[in-house]
Amino acid sequence: MGFESIGEIIATRRLHFIDESNYKRTVSVFVGKPQESQDSVGYDCPFQVIGIGTQETLFARGLDSIHALQSAMILVAAHLHQLNDEIGGKLSWEGGPQGELGFL
């Protein structure tokens with residue numbers, strides 16, 4: 001799915017990493033507004049990580065919109081930690097100490 005499929009963006013975060021060419025790259029996290037699911041009971045909350053990885057739109061599900069949003073935050077954290085492991089821990093968020101991504 002493409003970037004346009006995320007819908008209304010309700011939250012963002014910018015992270016950075018220094019690539020192999022010693023260039024500081026921006027990595028952006030976008031969380032979309034939870035919406036009622038089209039194919040099941042409950043809600044879907046779209047999110048994307050742009051600037052690293054596949055950059056595809058992913059979805060978290062929940063029983064209601066808050067549950068879907070909470071699920072999205074958990075999945076964003078897991079996705080970022082996996083990507084950070086793949087690039088050798090070079091991802092950082094300026095809002096916290098070195099190595100902190102701002103997600104639990």
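Notes on the structure in this doc start here. (Residues numbered from 1 in each chain as written. Predicted model: local features only at pLDDT ≥ 70, side-chain atom pairs only at ≥ 80, totals over all residues. Heavy atoms only, no water.)

Considerations on the pairing of strand β4 (residues 43-50)
In step 1: With six of eight residues buried, β4 lies mostly within the body of the structure.
In step 2: Bridge analysis of strand β2 (residues 24-32) against β4 gives four bridges, and the strand direction is antiparallel. Bridge pairing in β4 links Ser-28 to Ile-50.
In step 3: Across two bridges, strand β3 (residues 35-36) lies against β4 in antiparallel orientation. Of the residues in β4, the one forming a bridge with Glu-36 is Tyr-43.
In step 4: Following β3, the chain reverses through six residues before pairing antiparallel with β4; Gly-42 in that reversal takes a positive phi of roughly 110°. (Buried < 20%, exposed > 50% of the residue type's maximum accessible area, 1.4 Å probe, protein only. Helix = DSSP H or I, 4+ residues; strand = E, 2+ residues; numbered from the N terminus. Pairing = 2+ DSSP bridges.)

Examining the side chain of Ser-71
In step 1: Its place among the elements puts Ser-71 in helix α1 (residues 65-86).
In step 2: With residues up to four places along the chain from it excluded, the contact list for Ser-71 reads Ala-60 and Arg-61. (Contact = heavy atoms within 4.5 Å.)

Notes on the pattern of salt bridges
In step 1: Using the criterion set out here, one finds three salt bridges in the structure.
In step 2: Here Asp-39 ties to Arg-61 by a salt bridge, and the two come within 3.3 Å at their closest N and O atoms. Here the residue Asp-39 occupies a position in the loop between β3 and β4, and Arg-61 occupies one in strand β5 (residues 58-62), the gap between them amounting to 22 residues.
In step 3: Taking relative accessible area as the criterion, Asp-39 reaches 61% and is therefore assigned exposed.
In step 4: Of the residues examined, Arg-61 reaches a relative accessible area of 43% and is grouped as partly exposed.
In step 5: Notably, a salt bridge pairs Arg-61 with Asp-44, separated by 3.4 Å at the nearest N-O pair. (Salt bridge = Lys/Arg side-chain N within 4 Å of Asp/Glu carboxyl O.)

Some details on the nonpolar core
In step 1: Judged by nonpolar contacts, the single largest core of 19 residues is most densely connected at Leu-15, Val-27, Val-29, Val-49, Leu-80 and Leu-91.
In step 2: Breaking this core down by element, the ones donating at least two residues are β1 (9-18), β2, β4 and α1.
In step 3: Not counting chain neighbours up to four residues away, the residues in contact with Val-49 comprise Val-27, Ser-28, Val-29, Gln-55, His-79, Leu-80 and Leu-83. (Core = buried A, V, L, I, M, F, W, Y, C linked by side-chain atoms within 4.5 Å.)

As for the pairing of β2
In step 1: Pairing of β1 with β2, which is carried by nine bridges, proceeds in the antiparallel orientation. Along β2, the bridge assignment pairs Ala-11 with Val-31.
In step 2: Between β1 and β2, which pair antiparallel one after the other, the connecting turn spans five residues, and Asn-22 there sits at a positive phi close to 65°.

Side note on the environment of Glu-94
In step 1: Mapped onto the fold, Glu-94 is located in the segment after α1.
In step 2: Taking relative accessible area as the criterion, Glu-94 reaches 59% and is therefore assigned exposed.
In step 3: Measuring from C-alpha to C-alpha, the distance between Glu-94 and Gln-82 comes to 19 Å, with 12 residues separating the pair along the chain.
In step 4: Once you skip the residues sitting within four places of it in the chain, Glu-94 turns out to touch His-16 and Lys-24.
In step 5: Separated by 3.4 Å, the side chains of Glu-94 and His-16 make a polar contact. (Polar contact = N/O pair within 3.5 Å; in protein donor to acceptor, adjacent residues only side chain to side chain.)

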